[in-house]
Amino acid sequence: MAKFLIVSCLAETVGLAVRLMAEGHEVFYYVHTEVESDCGDGILNKVDDWRQYVEEADVIFFDDVRQKPKGEEVYDSGKWYLELREQHPDKLIIGGHPNVARLENDRMFAYEIMQQVGIPTVPMHRFTSFEEAKSFVEENGGSWALKHNSQVSRDLAYVAEDPDDMMAFLSWLEENWGDLAPGASVDFVLQEAVQGSEFAVTCFFDGEKFREEACYLNQELKRLLDFDKGPRTGQMGEIGKVVSNARLYQETIAKLQPLLQEWGYCGFIDINCIITDADTFVPLEFTAGRPGYPTLYSWCELLDEPVGEWLIRMAERDPAPTKMSEAYVVNVVLATGTFPREDEKLNKLAMIRGLEDVGLRHVWLSEVRFEDGNFYGAGNIGYLMVVTNKGETITEAANQCYDILEKIKVIPYPVYRQDVGLVSSVQFELLEALGWLS
């Protein structure tokens, strides 16, 4: 068995660490962000200084990328990655590469890279002034999506129906920016908005090539409430399946392979797209340099071999094919009543019951701690756990997730979407008819 060192920002890999321990591996777990530092307490072997365990570890896993403005206190996995690469060139390191992380955090850089490697793009323009952006919209019209380069609330992203709609949103942002994003710089893009089906393609890169046999297509549900209502969250649920060497993969992230070889990256890559018809799609944004959550756990649900063994095989570039299930997978995020707003006090008071009955085979913990014989919330966001399951149909997989969720009690009350899988069957049938699932 191996020793894993997980260097985390927001403790979203508590569930992964639990699985690795269940498989017999030893895990050292470091959480950088102070308000998340109690996540996994009583469950994991938590460490205060990750550097003290580098020599001992067989695998080092950076599970997130820059989450704060520049400064000494920042979780800077890119800088730490380069440090380890120089000092320990033979170590197995997953995630953290600074160039790859930049694909997610710098939208114009990602836009330029896509153009460089031949991934189709739509017009995108960067702004550091609300007035400049309003002048641009006034002069050019059109329908635009606003996305921030800085780490601000997801609620501050916006897709406008028409120019007047975007002008109103820009004026609202400008008037309230100091309260909405205290201390954050104004740095965002306007990307031409298109209509269609939103799907993501996910794959792992082993430092030499993509593991295309494990290519995963998925649809994310990002709004808090059923039928895509309410505030934006990181994600509330997902539907997906493995499609080996899928067309969407071939026309998007597969084209990054020479560049990723040059950079020497090992880890997760995901790109979200809008598919408009049989011939047209629009890439939206990357998740890179870290796994996507809860996508990682859906992918692990479909993995037909131990997670730890596969991570080592992947990092060692073992050529043996990844063993994946051909089933559909569904995940549902279970949160507290405050999610997605930060409320450290209330989240820590939440009590979770029923985990002893359902077990952790299909449950992946996040902001949870174990104390005095009980499971409680931890951290400050209320993102408690992810429930995953698979089936021959989307409906079967979803029903099995909800069977588990009904047995987990959160005091004072749980929050999760109850419509995961209801719409996506139609979406998958449409994609198949358009030839994107082959």
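You'll find the structure just up there.
Every value quoted in this text rests on a predicted model; they were computed, and no experiment measured them.

K.L.:
Can you break down the nonpolar core residue by residue, with the values?
P.N.:
The tendency in soluble globular proteins is for nonpolar side chains to be buried side by side. Counting 111 residues, the largest nonpolar core has Ile 253 and Met 385 as the members making the most contacts within it. Not counting residues up to four positions away in its chain, the partners in contact with Met 385 are Val 332, Val 333, Leu 334, Ile 352, Leu 355, Val 363, Trp 364, Leu 365, Ser 366, Val 368 and Ile 408. Among the nonpolar cores identified, the runner-up in size contains 19 residues, and Val 152, Met 166, Phe 188 and Leu 190 belong to it.

K.L.:
Which residues make up the sheet that holds strand 18 (residues 374-377), and what values go with them?
P.N.:
Read across the open sheet, the four strands follow the order 17-18-15-20; overall the sheet is antiparallel. Among the strands making up the open sheet, the edge pair consists of strand 17 (368-371) and strand 20 (409-411). Adjacent strand axes in the sheet meet at a mean angle of 35°, parallel and antiparallel pairs treated alike. Bridge count between strand 15 (residues 351-353) and strand 20: three bridges; the pairing is antiparallel. If you follow Ile 352 over to strand 20, its bridge partner there is Val 410.

K.L.:
Quick rundown of a nonpolar patch on the surface? Include the residues and the values.
P.N.:
Taken together, the side chains of Phe 227, Leu 422 and Val 423 make up a nonpolar region of the molecular surface, amounting to roughly 320 Å² of accessible area. Structurally, Phe 227 is set in the loop between strand 10 (216-225) and strand 11 (229-242). On the basis of relative accessible area, Phe 227 is assigned to the exposed category, the value being 53%.

K.L.:
Quick one: what's the story with the packing of aromatic side chains, residue by residue and with numbers?
P.N.:
Summed over the entire model, instances satisfying the criterion amount to 25 aromatic pairs. Taken together, a centroid distance of 5.5 Å and an interplanar angle of 70° make the contact between Phe 130 and Trp 177 edge-to-face. With Phe 130 in helix 5 (residues 130-140) and Trp 177 in helix 6 (residues 163-180), this residue pair connects regions lying 47 residues apart in the sequence. In terms of burial, Phe 130 and Trp 177 fall into one category: buried. An aromatic cluster is defined as three or more aromatic residues linked by ring pairs; in this entry it consists of Phe 127, Phe 130, Phe 136, Trp 144, Trp 177 and Phe 188. Positioned over the ring face of Phe 109 is Arg 102, at 4.0 Å from the centre of the ring. A cation over a ring is seen here: Arg 247 above Trp 436, with NZ or CZ 3.8 Å from the ring centre.

K.L.:
Account for the pairing of strand 1 (residues 3-8), with residues named and values stated.
P.N.:
Counting buried residues in strand 1 gives five out of six residues, a clear majority hidden from the surface. Direction of pairing for strand 1 relative to strand 3 (residues 59-62): parallel, over a ladder of four bridges. By the bridge assignment, Phe 4 is partnered in strand 3 with Val 59.

The rules we used
- Residues numbered from 1 in each chain as written.
- Predicted model: local features only at pLDDT ≥ 70, side-chain atom pairs only at ≥ 80, totals over all residues.
- Heavy atoms only, no water.
- Core = buried A, V, L, I, M, F, W, Y, C linked by side-chain atoms within 4.5 Å.
- Buried < 20%, exposed > 50% of the residue type's maximum accessible area, 1.4 Å probe, protein only.
- Contact = heavy atoms within 4.5 Å.
- Pairing = 2+ DSSP bridges.
- Helix = DSSP H or I, 4+ residues; strand = E, 2+ residues; numbered from the N terminus.
- Axes fitted to C-alpha atoms, helices over the stretch in contact; angles between N-to-C directions.
- Patch = residues over 30% accessible without salt bridge, like charges linked within 9 Å, V, L, I, M, F, W, Y side chains within 5 Å.
- Areas by Shrake-Rupley, 256 points an atom, 1.4 Å probe, with all protein chains shown as cover.
- Salt bridge = Lys/Arg side-chain N within 4 Å of Asp/Glu carboxyl O.
- Phe/Tyr/Trp six-rings, centres within 6.5 Å; stacked < 30°, edge-to-face > 60°.
- Lys NZ or Arg CZ within 6 Å of the ring centre and 35° of its normal.

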